[in-house]
Amino acid sequence: MPDALLLALLVAAVAIGWWLGRRERQGNRNPAPPNTLSRDYFVGLNYLLNEQPDRAIETFVSALEVNSETVDTHITLGNLFRTRGEADRAVKIHQNLLARPTLTALQSDQVQLELSRDFLHLGLFDRSERLLQQLIRDTSHDDIRHAAKRLLADLFDREGEWQAAFDVAYPNLVRQHDDLRRAAAHWLCEMADQERHSASPGLARKHLRRALSIDPRCVRANLLLSALAQDTGHYREAIRILMRIPDQDLDMMPIVLEPLHHAYRMLDDESGLVTCLEELLERAHVTSLIILLAETQRKRLGLQVAIDLVSEQLSRAPSLGALDYLLDLYQHQQQERGAPDNRLQLLKQHTHALLAVRPRHRCQRCGFAGQPLHWQCPSCRSWGTTRPITGIEGE
């Protein structure tokens, strides 16, 4: 059983044991049969210790009456079901709680909040949204309203309703939470991307400038601004914007290279590209940057210049990608000389196979790895946490 679930069940068991003991000590009015209650509790505890959480939860639920003193424990048990992927059972517990007329206003708000989480996990977005909107409107508790707004923003995020998510979170939640600050900037980038493809560049730029005002480290906003500049043929402007990205986040330099190369190619300015790449290489030893610079120099100055450049960079820091490219250069050199070496082909096959299976990007929050750069991690759904992998097998 997962450690978190075991801990939560133990906490619930302690709470139930405390309540049962307190109940037995109450006066003689409608006394509960202590032997039955004690037996239920210890049977549930036995199931828990024998790693039978399903039967333990069922026993605890049946042993615990619903009243103002046990609401929190019932909420916890419902949350356990949801954590275990049984949100439908959590709904039953939370709906049963909500039907109790003895709940305080705070307890009712807490149960509604958990019920909206249950619906969200079940994919019942409409029902979750209705509950959350009502809770935000009616609750008198700031912490409940705050939590409901966060959950509603998450719901709109899941549905791709970027403007709605932004409207819920901005400005208060965005200012208080770094993850929502990053998310808000990316919601604006999503809207800008839509406007760009619907031929509304002015509105797209407005969204992107706002994204940068919210999160100055939002690399994606500058990447899209440069794309808008290239769309209209303003290639020098695009280059100027792209060169902001290494200042924002040096590790994200690899995403700059392709649009940078395109802009210089459209300007027919190879020497400018070389100068720019050499300046970037002084700042960071990036495999894809080395390969682009070497390939550019190979076309301008010849194969040996590219071989020398890559060899020098490999002497500074090992890189599987740069080694694979260097083997390509050696093979081209031997073909020009008419003396191919099959041993190089074998080495090339091995390096290529290793590179083909390695991921290129990894989420810094959950560790999800893959080839493409996801602005929102497909696993933990965090915005702006996926970055290029560095090291011998990375950049």
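Residues numbered from 1 in each chain as written. Predicted model: local features only at pLDDT ≥ 70, side-chain atom pairs only at ≥ 80, totals over all residues. Heavy atoms only, no water.

Going by an unreviewed UniProt entry, the protein carries the name Lipopolysaccharide assembly protein B and comes from Billgrantia aerodenitrificans. Quoted verbatim from the Subcellular location (unreviewed entry) heading of the UniProt record, the comment on the protein is "Cell inner membrane". Listed in UniProt under the heading Sequence similarities (unreviewed entry), the comment for the protein reads: "Belongs to the LapB family." (UniProt positions renumbered as here; feature names shortened; annotations may be inferred.)

Q: Quick rundown of the packing of helix H6 (residues 105–121) against helix H8 (residues 142–159)? Include the residues and the values.
A: Taken N-terminus to C-terminus, the directions of H6 and H8 make an angle of 15°; their axes are 11 Å apart at the nearest point. Judged by the angle between their axes, H6 and H8 are roughly parallel. Crossing geometry of H6 relative to H8 is assigned as left-handed. Mapping the contact onto sequence places Leu106, Asp109, Gln110, Leu113, Ser116, Arg117 and Leu120 in H6 and Ile144, Ala147, Ala148, Leu151, Asp154, Leu155 and Arg158 in H8. In the contact of H6 with H8, the residues fall into 8 nonpolar, 2 polar and 4 charged. (Axes fitted to C-alpha atoms, helices over the stretch in contact; angles between N-to-C directions. Helix = DSSP H or I, 4+ residues; strand = E, 2+ residues; numbered from the N terminus. Parallel < 35°, antiparallel > 145°, perpendicular 65-115°, else oblique. Left-handed = near helix turned anticlockwise from the far one by under 90°. Contact = heavy atoms within 4.5 Å. Nonpolar A, V, L, I, M, F, W, Y, C, P; charged D, E, K, R; others polar.)

Q: Explain the side chain of serine 116 residue by residue, including any values.
A: Along the polypeptide, serine 116 turns up in helix H6. Here serine 116 falls in the buried class, since its relative accessible area comes to 0%. If we ignore the near neighbours within four places in the chain, the residues touching serine 116 are Ser128, Leu131, Leu132 and Leu151. (Buried < 20%, exposed > 50% of the residue type's maximum accessible area, 1.4 Å probe, protein only.)

Q: Explain the nonpolar core to me, and be specific about the residues and the numbers.
A: Counting residues in hydrophobic clusters, the biggest one holds 41 residues, and the most contacted among them are Leu113, Leu132, Trp187, Cys189, Leu208 and Ala221. Among the elements of the structure, H6, helix H7 (125–138), H8, helix H9 (162–169), helix H10 (172–176), helix H11 (178–197), helix H12 (201–214) and helix H13 (219–231) are those that each provide at least two residues to this core. Of all the elements, H11 adds the most residues to this core, at 9 residues. With residues up to four places along the chain from it excluded, the contact list for leucine 208 reads Cys189, Ala192, Ala221, Leu224, Leu225 and Leu228. Among the nonpolar cores identified, the runner-up in size contains 36 residues, and Leu242, Met253, Cys276 and Leu329 belong to it. (Core = buried A, V, L, I, M, F, W, Y, C linked by side-chain atoms within 4.5 Å.)

Q: Pulling in residues and values, what's your account of the environment of arginine 145?
A: Positionally, arginine 145 belongs in helix H8. Remark: the alpha-carbon pair of arginine 145 and aspartate 109, spanning 36 residues in sequence, is separated by 9.1 Å. Each residue touching arginine 145, except ones within four places of it in the same chain, is listed here: Ile136, Thr139 and Ser140.

Q: I'd like a rundown of the environment of glutamate 159, residues and numbers included.
A: Within the secondary structure, glutamate 159 is located in helix H8. Residue glutamate 159 is classed as partly exposed on the basis of its relative accessible area of 32%. Residues contacting glutamate 159, with those up to four places away along its chain left out, are Phe125 and Glu129.

Q: Tell me about H9, and please be specific about residues and values.
A: Taken residue by residue, H9 has Trp162, Ala165, Phe166, Val168 and Ala169 as its buried positions. Seen along its axis, H9 keeps its buried residues to an arc of 165°; they face one direction. Lining the buried residues of H9 we find H8, H10, H11 and H12. (Arc of directions from axis to C-beta.)

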